[in-house]
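Examining the three-dimensional arrangement
Here's the letter readout for the chains.
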Amino acid sequence: MDFILQIVQYFVNLGPAVMLPIIIFIVSLILGQSFGKSIKSGISIGIGFVGIGLVIGLMLNNLAPAAKAMSQNFGISMSLIDIGWPGSSPMTWASRIALVAIPVAIIVNIIMLALRFTRVVNIDIWNIWHFAFTGAIVDIATGSYTLGIIAVAVHAAFAYKIGDWFAPVVENYFGLEGIAMPHGTTGWFAPISVFVDGIMDRIPVVRDIDINPKHLKNKFGILCDPAVMGGIMGVIIGILAGYDVQQILTLGIQMAAVIVLMPVVVKYIMGGLIPVSEVARTKLQKKFKNSKFYIGLDCALLLGDPVVVTASLLFIPLTILIAAIVPGNQILPFGDLPTIGFFIAMAVGVHKGNLFRTLITGSIVMFMAIWISNQMIGFHTILAANAGQLTNSAARVASLDQGGSPVTYIITQVLDMTNVAGFAAIGLFYLICVICTIVWSKKQYKMLNNK
Amino acid sequence: MKKIIVACGGAVATSTVAADAIKELCEKNGISAEVIQMRIIEIENNLDGIDLVVTTMKIVPNFDIPYVNGMPFLTGINKEETEKRILSYIKD
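Keep in mind the model is a prediction, meaning the values are calculated, not measured.

**Things to note about the overall build of chain A**
Helix and strand counts for chain A come out as 16 helices and five strands. What you see for chain A is a C-alpha radius of gyration of 21 Å, in line with the 22 Å of a compact globule of 451 residues. Projecting the C-alpha coordinates of chain A onto the three principal axes gives extents of approximately 65 × 65 × 45 Å. Across the 451 residues that make up chain A, the buried fraction comes to 59%. For chain A, restricting intrachain contacts to residue pairs at least 6 apart in sequence, the fraction spanning at least 24 positions comes to 81%.

This is the structure in structure tokens:
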């Protein structure tokens, strides 16, 4: 183990922008891609890392001081900016766990399929980063590479089960037949929506409230554009920070730039992973092409549903409001706002498009995510520093996705036990939700079979 | 020069897979095309001069521009038919 660790550490020390291109180039060649394609994939992933470093630098150097000034002016504590999944996924891919996370997640999947523990054939290689994040955090918290790998496996196994439990919803509500979503973000909160649905059904009057918007999104128009949204947020924060006009306008443009450029640069990292996902996809499909299996895909596929879009837009201001009332919260939601739909997409399906219930589930989910991500700031900052993305040594980072995931939190706390009360509360609540989900899912499958 | 929008929920993961496949398809068939990636909610505001819209999830299009569901690029099922449909819209 030590020898392997030394080799891995040498590569990690090269820095992600150099290490990952080499790794991807070699892996790509081994998987049978052409020389040209392999080298292009490798360089692409390097470009992505250089790019995300620049964008995160822009954010930490300009937006973070503004958020701090705003916090001081108003006596609120939100001085840390949420880097979102476009910030946290590259850090994870740069960690020493990520290299083994892809094969580990695939092997766990194959074992579970062989033992008939799951029907999900996961071909969504990109989102293995969610499991890798859990592994990386455990690795940092315990200092044990082995425990980190085990954490990846546990999280992956849980995600595949989530895929199984919610496949009927994906089929019935979203109309995607034969597809499951073993996704790290949409996955973890989905059981909470089942719990909320169960409670709602038992309260008279409340159970009859059904808001089902189909055309609301057109009224928001240009506001759903991330560039406009980022600009407006920048200007508001600038005003609250007590900046002068010049600084306010600059901050507006900088914030718009961050929010628009983040997915643009992350795209290159995804581009580098394409040869790996292509091969994994074809191999897994050949082996498990029977109709009894679900193909595991990215829950980005759910984000275009009209109710999901409407709920996502409502949750942009709502999440900031929730952040203001979470006790002791230091994090200003930002990087995850344009894709806040990842947090609520499956809830919309479970609630059958009922916006009222989605708002309740979503509020609980965001409250939890923000509270948990506060507990994760320490580990998350180490993860960022390891990835070489902290230019300022005083900077600290946090993300709602994946830093706010209870799955990551519970697994880390089991091994680390730094906050026993928090662990007990979150763990117990989440366990109840998961048990509800298992019972509920059996019913869903019965209904599906009776159709 | 054809302009193609490829969109998904987050403009990173699934749309990159589809965009990559479509770029390759155009190259193979000698079509010069610009592939623009974005989030599904951005499509409406960016339709000027676009020849084709591809999304990796099923949407009900509320625009007149040709639309193709690009999910086969992710699942591999019906991929060839989808490629043919895309070509039928962007071939001169």
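**Remarks on the nonpolar core**
Counting 158 residues, the largest nonpolar core has W93(A), W126(A), F166(A) and I43(B) as its most contacted members. For this core, the element with the most residues is helix α10 (residues 245-287) of chain A, which contributes 14 residues. For F166(A), the residues in contact, after removing those within four places along its chain, are A190(A), P191(A), V194(A), M346(A), V350(A), T437(A) and W440(A).

**Concerning the confidence of the model for chain B**
A residue-level look at chain B finds 100% of positions with pLDDT of 70 or above and a mean pLDDT of 87. For chain B, per-element mean pLDDT is lowest for helix α2 (residues 72-75) of chain B, which scores 85, and highest for strand β3 (residues 52-55) of chain B, which scores 93.

**Details of the pairing of strand β1 (residues 2-8) of chain B**
It is a general feature of regular strands that their side chains alternate between the two faces of the sheet. Residue and element names in this part refer to chain B. Judged by how many residues are buried, β1 sits mostly within the fold: six of seven residues are covered. In terms of strand pairing, β1 meets β3 through four bridges, oriented parallel. The residue bridging V6 from the neighbouring strand is V54, located in β3.

**So, the interface of chain B and chain A**
Interface size is often expressed as the accessible area that is lost when the parts come together. Each side of the interface is counted separately: chain B has 27 residues, and chain A has 35 residues. Taken together, both faces of the contact between chain B and chain A bury some 2,500 Å²; the carbon and sulfur share is 65%. It is V12(B), R39(B) and I41(B) in chain B that bury the most area against chain A; as a group they hold 23% of the surface buried on that side. Counting the contacts that link chain B with chain A gives one salt bridge. Linking chain B with chain A are one residue pair in polar contact (both at pLDDT 80 or more). If you list the elements that add at least two residues to the side of chain B that touches chain A, you get α1 (13-28), β2 (33-39) and α2 of chain B. For the side of chain B that touches chain A, the element with the most residues is α1(B), which contributes six residues. Split by residue class, the side of chain B that touches chain A holds 11 nonpolar, 10 polar and six charged.

**A look at the environment of S32(B)**
Residues and elements named next belong to chain B. Here S32 is to be found in the loop between α1 and β2. Note: C-alpha distance between S32 and L74 (42 residues apart in sequence) is 23 Å. Among all residues touching S32, those that are not within four sequence positions of it are M1 and K2.

**Focus: a nonpolar patch on the surface**
All names here are of chain A. Together, L29, F35, I39, I43, I47, V260, L261, V264 and Y268 make up a nonpolar patch on the protein surface, roughly 750 Å² of accessible area in all. When residues of the nonpolar patch are traced back to their parent elements, those giving at least two are α3 (35-74) and α10. Topologically, V260 is positioned in helix α10.

**Some thoughts on unusual backbone geometry**
Residue and element names in this part refer to chain A. Q402 follows D401 through a cis peptide bond whose omega is 15 degrees. Among the secondary structure elements, Q402 is positioned in the loop between α14 (377-386) and α15 (406-416). The backbone of R116 shows a phi angle near 60 degrees, a positive value even though the residue is not glycine. Note on placement: R116 falls in the loop between α5 (98-114) and β2 (120-122). For R116, a relative accessible area of 70% corresponds to the exposed category.

**Focus: the side chain of T358(A)**
All names here are of chain A. Relative to the helices and strands, T358 is located in helix α13 (residues 355-375). A relative accessible area of 0% places T358 in the buried class. Contact partners of T358, with chain neighbours within four places excluded, come to A311, F315, I344, A347, V348 and H351.

**Quick word on the sheet that holds strand β4 (residues 294-296) of chain A**
All names here are of chain A. Here three strands make up an open sheet; going across it, the order is β2-β4-β3 and the pairing parallel. Of all strands in the sheet, those bounded by a partner on one side alone are β2 and β3 (179-180). Pairing analysis gives three bridges linking β2 to β4, with the strands arranged parallel. For V120, the partnering residue across the bridge sits in β4 and is Y294.

**Structural notes on the pattern of salt bridges**
Inspection of the entire model under this criterion finds six salt bridges over all chains. K37(A) is the salt-bridge partner of E24(B), the closest N and O atoms lying 3.4 Å from each other. Here the residue E24(B) occupies a position in helix α1, and K37(A) occupies one in helix α3, the pair thus bridging two chains. Across the salt bridge formed by R96(A) and D139(A), the nearest N and O atoms sit 2.7 Å from each other. Here R96(A), found in the loop between α4 (84-93) and α5, pairs with D139(A), found in helix α6 (residues 128-142); they are 43 residues apart in sequence, far enough to count as distant. According to the relative accessible area criterion, D139(A) is buried, its value standing at 6%. Each of D197(A), D201(A) and R357(A) takes part in a single network of salt bridges with overlapping partners.

Rules used in this analysis
Residues numbered from 1 in each chain as written. Chains lettered and ligands numbered in written order. Predicted model: local features only at pLDDT ≥ 70, side-chain atom pairs only at ≥ 80, totals over all residues. Heavy atoms only, no water. Helix = DSSP H or I, 4+ residues; strand = E, 2+ residues; numbered from the N terminus. Rg over C-alpha atoms; globule rule 2.2 N^0.38 Å. Buried < 20%, exposed > 50% of the residue type's maximum accessible area, 1.4 Å probe, protein only. Contact = heavy atoms within 4.5 Å. Core = buried A, V, L, I, M, F, W, Y, C linked by side-chain atoms within 4.5 Å. pLDDT = per-residue confidence, 0-100. Pairing = 2+ DSSP bridges. Buried area = accessible area lost by both parts, 1.4 Å probe. Salt bridge = Lys/Arg side-chain N within 4 Å of Asp/Glu carboxyl O. Polar contact = N/O pair within 3.5 Å; in protein donor to acceptor, adjacent residues only side chain to side chain. Nonpolar A, V, L, I, M, F, W, Y, C, P; charged D, E, K, R; others polar. Patch = residues over 30% accessible without salt bridge, like charges linked within 9 Å, V, L, I, M, F, W, Y side chains within 5 Å. Areas by Shrake-Rupley, 256 points an atom, 1.4 Å probe, with all protein chains shown as cover.

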